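What follows is each chain in one-letter form.
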Amino acid sequence: MDPPAVVLPDAQLFSRRAARLRELVVAVPALDEFLSFMARVVQAQDLVLQRDPQWRPEPGAFDLALEHGMPPLGVDALRRDLDWKHDLTALLDAIELHVGERQRPLIRDLRELSSEQLDALADDVIDVRPGSQESRGLMPLVAAALQVAWVRLARQLPRPPKRPGEESRGVCPCCGSLPVASVVHNERHRAGVRYLHCSLCATEWHLERVRCAVCNSGAKLTYLGLDDEKGKPFLPIQAEACDECHSYLKVAQRELHGRAEPIADDLASLGLDLLLAEQGAYARSGYNPLLILGD
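Bear in mind the structure is a predicted one, so any value in this text is a computation, not a measurement.

Conventions adopted
Residues numbered from 1 in each chain as written. Predicted model: local features only at pLDDT ≥ 70, side-chain atom pairs only at ≥ 80, totals over all residues. Heavy atoms only, no water. 1 Å grid on protein atoms, 1.4 Å probe; cavity = no way out; pocket = protein on both sides within 12 Å on 5 of 7 lines; lining within 4 Å. Points joined across faces, edges and corners; volume = space filled by probe spheres on them. Nonpolar A, V, L, I, M, F, W, Y, C, P; charged D, E, K, R; others polar. UniProt positions renumbered as here; feature names shortened; annotations may be inferred. Helix = DSSP H or I, 4+ residues; strand = E, 2+ residues; numbered from the N terminus. Core = buried A, V, L, I, M, F, W, Y, C linked by side-chain atoms within 4.5 Å. Buried < 20%, exposed > 50% of the residue type's maximum accessible area, 1.4 Å probe, protein only. Domains from an automatic or database assignment. Pairing = 2+ DSSP bridges. Axes fitted to C-alpha atoms, helices over the stretch in contact; angles between N-to-C directions. Parallel < 35°, antiparallel > 145°, perpendicular 65-115°, else oblique. Left-handed = near helix turned anticlockwise from the far one by under 90°. Contact = heavy atoms within 4.5 Å. Buried area = accessible area lost by both parts, 1.4 Å probe. Salt bridge = Lys/Arg side-chain N within 4 Å of Asp/Glu carboxyl O. Polar contact = N/O pair within 3.5 Å; in protein donor to acceptor, adjacent residues only side chain to side chain.

Across all of its chains, the model carries one cavity of 30 Å³ or more by this definition. Quantified by volume, the largest cavity comes out at close to 60 Å³. What lines the largest cavity is simply Pro53, Trp55, Leu82, Asp83, Ala149, Arg152, Leu153 and Gln156. Of the residues contributing to the lining of the largest cavity, the split by class is five nonpolar, one polar and two charged.

Right, dumping it as structure tokens:
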């Protein structure tokens, strides 16, 4: 059987991600405080995902887009409709009693922002802008609420969208956002198959292995990773670097670790990004809204 071209997120997405982050707290002690905080945020996402939204689309609202191969949950069309601010409030309520003193000012500052200020932060997240230095620490929590809103809506679609054509293979066919990374699966029906993983709605879409997600070239790819003291992969994630367009996108290898998770393992492999940035040969193409980096 052919593997599915596009796969929508399931109800266990955030619980799996939180569990993986808790594993990575132990595996990457240099980032344990950061990864522990993100595990609590993602666990809260799992709780908030179950709540009933205050806005629901009309029946059949996305049929036309699905029929014609357009992203049914396009971020530009829906960013002012989804009730992500209520999800943000619920998310802050869920984590407030379980975070350290260093993170409490973030929660307080977010609660004090006006609706217009929150919209501006959401626009920065959705449009892949780093925001101001003062607001950058708030953006991952806004992004977490946006992810909940779009994942919930993606799960309500009657069917997955079509696989994007060559001209748009690098953006999510469901919401139009950038991928955070790709993942090579180990499930029976798609073992060894690579999918790009959406940074916002967590939809996955098939992309052939050994092919650059940015320029589609497969001629000059290099795979870079972090090894432990025994020369073995430190984490089951590599940077697929392209010498044609000089970009890289990480690949989470479930063939190496069955619970490797694109967003969680991307956060834990921050050291690989720092190393590649220092070398200056490749620019990161993946976008992780839970880790907003400056210019």
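Per the UniProt entry, the sites bearing "domain: FdhE N-terminal" (unreviewed entry) are residues 3-162 in this numbering. Annotation note: span residues 3-162, helix share 57%, strand share 1%, distance between end C-alpha atoms 13 Å.

Core analysis: the largest hydrophobic core is formed by 75 residues, its most contacted members being Leu73, Trp84, Leu110, Val142, Leu146, Trp150 and Cys175. Domain assignment of the residues forming this core places at least three in each of domain 1 (14-156) and domain 2 (179-284). Counting residues in hydrophobic clusters, the runner-up holds six residues, among them Ala239, Ala241, Leu272 and Tyr282.

Attention now moves to the pairing of strand β6 (residues 237-242). In terms of burial, β6 is largely enclosed, as five of its six residues are buried. Relative to β6, strand β5 (residues 221-224) is paired through four bridges, and the arrangement is antiparallel. The residue of β6 that forms the bridge with Tyr223 is Glu240. Sheet topology places β6 next to strand β7 (residues 247-253); six bridges connect them, and they run antiparallel. Directly across from Glu240, in β7, lies its bridge partner Leu249.

This chain's UniProt record puts "domain: FdhE central" (unreviewed entry) on residues 171-209. Secondary structure across residues 171-209 comprises 0% helix and 36% strand; the distance between its end C-alpha atoms is 17 Å.

Once that is clear, we can look at the layout of surface pockets. The gaps of empty space that remain are located by a probe, the size of a water molecule, rolled over the atoms. Its volume calculated, the largest pocket comes out at about 390 Å³. Taken together, 23 residues form the lining of the largest pocket, with Asp10, Arg16, His185, Arg190 and Arg254 sitting closest to its centre. The element that contributes the greatest number of residues to the lining of the largest pocket is helix α1 (residues 13-27), accounting for six residues. Of the residues in the lining of the largest pocket, the class split is eight nonpolar, four polar and eleven charged.

The next thing to look at is unusual backbone geometry. Phi angles above zero are rare outside glycine, and Asn216 is one such case at about 75 degrees. Here Asn216 is to be found in the loop between β4 (204-206) and β5. In the Ramachandran plot, His246 falls in the positive-phi region, its phi being about 60 degrees despite a non-glycine side chain. Structurally, His246 is set in the loop between β6 and β7. Classification of His246 as partly exposed rests on a relative accessible area of 44%.

Where helix α5 (residues 84-95) contacts helix α6 (residues 104-112), the two axes come as close as 11 Å, and the packing angle between them is 150 degrees. With respect to α6, the axis of α5 lies roughly antiparallel. Crossing of α5 against α6: the hand is left-handed. In this structure, α5 uses Leu88, Thr89, Leu92, Asp93 and Ile95 to contact α6, whose residues at the interface are Ile107, Leu110 and Arg111. Tallied by class, residues from the contact of α5 with α6 come to five nonpolar, one polar and two charged.

Its domain assignment divides the protein into domain 1 (14-156) and domain 2 (179-284). Just the C-alpha atoms count here: the centres of domain 1 and domain 2 sit 23 Å apart. When the buried surface of domain 1 facing domain 2 is broken down by residue, Arg17, Arg20 and Gln147 rank first, second and third, together holding 38% of it. On the surface where domain 1 and domain 2 come into contact, there are three salt bridges. A salt bridge links Glu261 to Arg17, with the shortest nitrogen-to-oxygen separation between them at 2.9 Å. Summed over the shared surface of domain 1 and domain 2, the result is six residue pairs in polar contact (both at pLDDT 80 or more). Elements supplying a minimum of two residues to the side of domain 1 that touches domain 2: α1, α2 (32-49) and α8 (139-155). Per-element tally for the side of domain 1 that touches domain 2: the top contributor is α1, with six residues. Of the residues belonging to the side of domain 1 that touches domain 2, the class tally is 13 nonpolar, one polar and three charged.

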